[in-house]
Amino acid sequence: MTEREQTDILIIGAGPVGATLALALKDSPWRVTLVDKRPLAAQAADPRALALSHGARQLLETLDAWPERAATAIETIHVSQQGGFGRTLMDRTEYGLPALGYVVRYKDLAARLQAGVGQLPACECLDETGQVDLERHPDGVVATLERQGQTRRIHARLLVHAEGTPGDDPGVQVDDYGQQAIICDAMPDRPHAHRAWERFTPDGPLALLPLEQGFSVVFTVPPARADALMALDDGAFLQALSRQFGSRFGFTAVGRRDRFPLALRQRRELVQGREVWIGNTAQTLHPVSGQGFNLGLRDAWQLAECLFAGGDDPGTAPALESYAARRRLDRSGGAFFTDKVVRLFSNDLPPLRWARGLGLLALDLLPPARDFVARRMIWGARAW
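Numbering of residues begins from 1 in every chain and follows the order in which that chain's sequence is written. Local features in a predicted model are, by the rule used here, given only for residues with pLDDT of at least 70; side-chain atom pairs are given and counted only at 80 or more, and totals for whole chains, interfaces and linings are based on all residues. For the side-chain quantities, the full set of heavy atoms in the structure was used; hydrogens and water were omitted.

**Remarks on the pattern of salt bridges**
What counts as a salt bridge is simple: a side-chain nitrogen of Lys or Arg found within 4 Å of a carboxyl oxygen of Asp or Glu. Taken as a whole, this structure holds 28 salt bridges when the rule is applied. Close ionic contact of R152 with E5 constitutes a salt bridge, the shortest N to O distance being 2.6 Å. With R152 in strand β11 (residues 150-161) and E5 in strand β1 (residues 4-12), this pair connects stretches of sequence that are 147 residues apart. Classification of residues uses two cut-offs on accessible area relative to the type maximum, computed with a 1.4 Å probe and protein chains only: under 20% is buried, over 50% is exposed, and between them is partly exposed. Judged by its relative accessible area of 22%, R152 is partly exposed. A relative accessible area of 28% means that E5 is categorised as partly exposed. Taking the shortest distance from any N to any O, the salt bridge between R105 and E212 comes out at 3.1 Å. Linking R105 in strand β7 (residues 101-105) with E212 in the loop between β14 (204-211) and β15 (214-221), this pair joins segments that are 107 residues apart in sequence. Overall, E212 belongs to the partly exposed group, its relative accessible area being 41%. Salt bridges linked by common partners bring E5, R31, E124 and R152 together as one network. Where helices and strands are cited, they refer to DSSP runs of H or I of at least four residues and of E of at least two residues respectively, numbered from the N terminus.

Structure, rendered in structure tokens:
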């Protein structure tokens, strides 16, 4: 049998959330092992866009991992509905912030985090490594890993799952939205002026997030319409995008289009024995308002805080139970907020259209209400 190696904390998933946890543990006495089935080079080539709140920037700056030069600031957010009255405008100046949020390419954030992880003396990072088996024991978890035909067995006092959206898992509750998100970059016919747009339509929300000189687009539609949109050539797709968004500006070019199905996935228990789940593997939200990734970063930060407070053994029940309890409000609040927004706005019923318009108008005219929503988006449950 392969000789068993020892580590203190094994993190499955070396993406931004797993790497953030490793960096947050840099002053700990524990040895950390990061494992990812993908090659790290794949992260460095990933062009997807991430929406980060100002609260996420503050967290990453604490870890010296903020990609300043690669971030495009969101200074205002315009929220409206297609075919109805009412709109809300949020502005960074109301909160004394340099920006409400930022848009960063996955590859730029991953590169900055990987550089930091690479400087940690007590952290080993294994890419292109698959998980073959897990053995659970009272004093830890033994993971059997395979890399380039070689098998390693690693005993960890704590196993952290950060590998991304879970597949079929009886421990995860899934609510399918019956929607798909088409994501792409699009170039507008005028400067974006650092404004993000959230346009609610009967098909689903359409988000335009300023990124470099253009927009990162999240175009939410039912699956059948997603099929049709993906089949269009670039010119026809841009026309469809303009019709969905409205006439405020047009689009001159579009990049590669990808799509993925949308569902709310929530793990019922964050902690089991000496295992804990963070990031998308703990909860996957609808992309409306860009809450999911920011929630995952807060998971990593708060888990590190609880482990530091828990004593010498990072896998003790009190530390992990404290983490689960402290994450409850933020997780449930984020899921409730995004779920209700999607379900309220993704229809064309006249009574709801009027109610939505009144709600948007009230947010625009009542600063305390707008302040509540904005702070929830920026800092999560910490805003309260």
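After presenting the structure, the write-up continues.
**Considerations on the sheet that holds strand β3 (residues 49-53)**
Strand pairing follows a simple DSSP-based rule, namely that at least 2 bridges must link the two strands. Spatial strand order, β3-β7-β4: 3 strands in an open sheet with antiparallel pairing. Lying at the two open borders of the sheet, with one neighbouring strand each, are β3 and β4 (72-74). The average angle at which neighbouring strand axes cross in this sheet is 30°, direction not considered. Both β4 and β7 contribute to a ladder of 3 bridges, which runs antiparallel. Bridge pairing in β7 links T72 to V103. Any two residues whose heavy atoms approach within 4.5 Å are treated as being in contact. Lines fitted to the C-alpha atoms define the axes, with helices restricted to the stretch that makes contact. Angles between their N-to-C directions range from 0 to 180 degrees. Across the sheet, helix α3 (residues 54-62) is in contact with β3 and β7; its angle to β3 comes to roughly 90°.

**Examining the packing of aromatic side chains**
Ring pairs (aromatic) are described by centroid distance and by the angle formed between their planes. Geometry of aromatic contacts follows a simple scheme: Phe, Tyr and Trp rings, the Trp one being its six-membered ring, pair when their centres are within 6.5 Å, and the pair is stacked under 30 degrees between planes, edge-to-face over 60, tilted otherwise. One pass over the structure, following the stated rule, counts 9 aromatic pairs. Taken together, W197, F215, F245, F249 and F251 form an aromatic cluster joined through their ring pairs. Its end group placed over the ring of Y106, R48 keeps NZ or CZ at 4.7 Å from the ring centre. Lysine NZ or arginine CZ positioned within 6 Å of the ring centre and within 35 degrees of the ring normal marks a charge as sitting over the ring. Above the face of the F237 ring, R257 is positioned so that its terminal group lies 4.5 Å from the ring centre.

**What to know about the packing of helix α1 (residues 16-24) against helix α7 (residues 292-309)**
At a minimum axis distance of 9 Å, the contact between α1 and α7 shows a crossing angle of 30°. In terms of axis orientation, α1 runs roughly parallel to α7. In this structure, the crossing between α1 and α7 has a hand that is right-handed. For the pair α1 and α7, the contacting residues are P16, V17, T20, L21 and A24 in the first and F293, G296, L297, A300, W301, L303, A304 and F308 in the second. Classification convention: Asp, Glu, Lys, Arg as charged; Ala, Val, Leu, Ile, Met, Phe, Trp, Tyr, Cys, Pro as nonpolar; all other residues, Gly among them, as polar. Residues that form the contact of α1 with α7 fall into these classes: 11 nonpolar, 2 polar and no charged. Note that the term roughly parallel is reserved for angles under 35 degrees, roughly antiparallel for angles over 145, roughly perpendicular for angles of 65 to 115, and oblique for everything else. Each crossing is labelled by how the near helix is turned from the far one, with a counterclockwise turn of less than a right angle marking it left-handed and a clockwise turn marking it right-handed.

**Focus on the side chain of E198**
Relative to the helices and strands, E198 is located in strand β13 (residues 195-201). When charges are counted, neither His nor the chain ends are considered; positive counts come from Lys and Arg and negative counts from Asp and Glu. Look at E198: it is buried, it has no salt bridge, and the nearest opposite charge is R199 at 11 Å.

**Looking at helix α8 (residues 317-345)**
Since the α-helix packs 3.6 residues into each turn, any two residues three or four apart lie on the same face. Compared with the 42 Å implied by 1.5 Å per residue over 29 residues, the 41 Å span of α8 between its first and last C-alpha is a close match. The seven residues ending at a residue and the seven starting there each receive a fitted axis; the angle between those axes is the bend at that residue. The largest bend along α8 measures about 40° and falls at R328. A helix is expected to span 1.5 Å for every residue after the first.

**A look at the packing of α3 against α7**
Two elements in contact, α3 and α7, have axes separated by 10 Å at closest approach and are oriented at 40°. Our pair here, α3 against α7, has a crossing hand that is left-handed. Along the contact surface, α3 presents A56, L59, L60 and T62, while α7 presents N294, L297, R298 and W301.

Keep in mind these numbers describe shape, not what the thing actually does.
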